[in-house]
Amino acid sequence: MTRTPPIVIRIKKGADGRTSLSCARADGTTTWQRQEGAQASFFPRHDLTHYAVETVLGHRGGFYGLVAAGWDLSDFGTPWPRGKLPKDANLSEMIVGFFDRERATGQIGTADELNGQLATFCAEHELPAPEKLTEEDLSRVRQKRAELFVQWETVQPGGVLELVFDPAALEPSVGG
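Criteria and cut-off values
- Residues numbered from 1 in each chain as written.
- Predicted model: local features only at pLDDT ≥ 70, side-chain atom pairs only at ≥ 80, totals over all residues.
- Heavy atoms only, no water.
- Helix = DSSP H or I, 4+ residues; strand = E, 2+ residues; numbered from the N terminus.
- Buried < 20%, exposed > 50% of the residue type's maximum accessible area, 1.4 Å probe, protein only.
- Polar contact = N/O pair within 3.5 Å; in protein donor to acceptor, adjacent residues only side chain to side chain.
- Phe/Tyr/Trp six-rings, centres within 6.5 Å; stacked < 30°, edge-to-face > 60°.
- Pairing = 2+ DSSP bridges.
- Axes fitted to C-alpha atoms, helices over the stretch in contact; angles between N-to-C directions.
- Expected span 1.5 Å × (residues − 1).
- Arc of directions from axis to C-beta.

A. Representation of the side chain of Asp 137. Along the chain, Asp 137 falls in helix 5 (residues 135-154). Looking at Asp 137, the relative accessible area reads 9%, which means it is buried. Polar contacts involving the side chain of Asp 137 include one to the main-chain amide nitrogen of Thr 134, which spans 2.8 Å.

B. A look at the packing of aromatic side chains. Evaluation of the coordinates by the stated rule reveals 8 aromatic pairs. Measuring from centroid to centroid gives 6.4 Å for Tyr 51 and Tyr 64, while their planes differ by 75 degrees, and the two rings are edge-to-face. Residue Tyr 51 is located in helix 1 (residues 37-57), and its partner Tyr 64 is located in helix 2 (residues 63-68); the two are separated by 13 residues in the primary sequence. The exposure class of Tyr 51 is buried, given its relative accessible area of 9%. Of the residues examined, Tyr 64 reaches a relative accessible area of 1% and is grouped as buried. Residues Phe 63 and Tyr 64 carry aromatic rings whose centres are separated by 4.9 Å and whose planes lie at 70 degrees to one another, so their mutual orientation is edge-to-face. Exposure class is identical for Phe 63 and Tyr 64. Each is buried.

C. Representation of the sheet that holds strand 2 (residues 19-25). The 4 strands lie next to each other as 3-2-1-4, forming an open sheet whose pairing is antiparallel. In this open sheet, the two edge strands, each paired with only one partner strand, are strand 3 (30-35) and strand 4 (160-165). Each strand of the sheet is rotated relative to its neighbour by a mean of 15 degrees, with strand direction disregarded. As judged from the 6 bridges shared by strand 2 and strand 3, these two strands associate in the antiparallel manner. Its bridge partner lying in strand 3, Ser 22 is registered against Trp 32.

D. Structural view of helix 4 (residues 111-124). Given a rise of 1.5 Å per residue, 14 residues ought to cover 20 Å, and the 20 Å separating the end C-alpha atoms of helix 4 matches this to within 8%. Among the residues of helix 4, those classed as buried are Ala 111, Leu 114, Asn 115, Leu 118, Phe 121 and Cys 122. Along the long axis of helix 4, the arc covered by the buried residues comes to 125 degrees, so they all point the same way. Pointing more than 90 degrees away from the buried face of helix 4 are the exposed residues Asp 112, Ala 123 and Glu 124. Looking one or two places after helix 4, you find Glu 126, whose phi comes out positive at around 55 degrees.

Encoded structure:
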């Protein structure tokens, strides 16, 4: 199995209210995307939630793992140039969506609720059921996400939040 090298993630807070996400790979290639308006407000926190979920739960094949392996940001969405997301990457997306809903509604979900959603998805897509997440797992993700959100809030307009995502350094995957 080939080792996927780390990527450097940069989320820039534009002075004009726009934001951008760029990911630089070890081979020197970069992929990036700019967001404006409501997307500029939503996506930095969504992307930081991905980082929290994937690093805390050990999801090597989630969004950032795919980017590290060569996917460009334009590959995520219609017309899906690389094809649909791998089924197991959808587990990361579902977990991130769970936390995004919490943020949007203010209602904290439970591990049982999330485990039920993941089990249903796996049954419908003929995937093995992932290891069940615990309340402690969710708490660790929430804590990491909160730390990342504080870091983002302290970035001044024109500044950048920089993180490293190293799939090979992650503990084995929990929940996906």
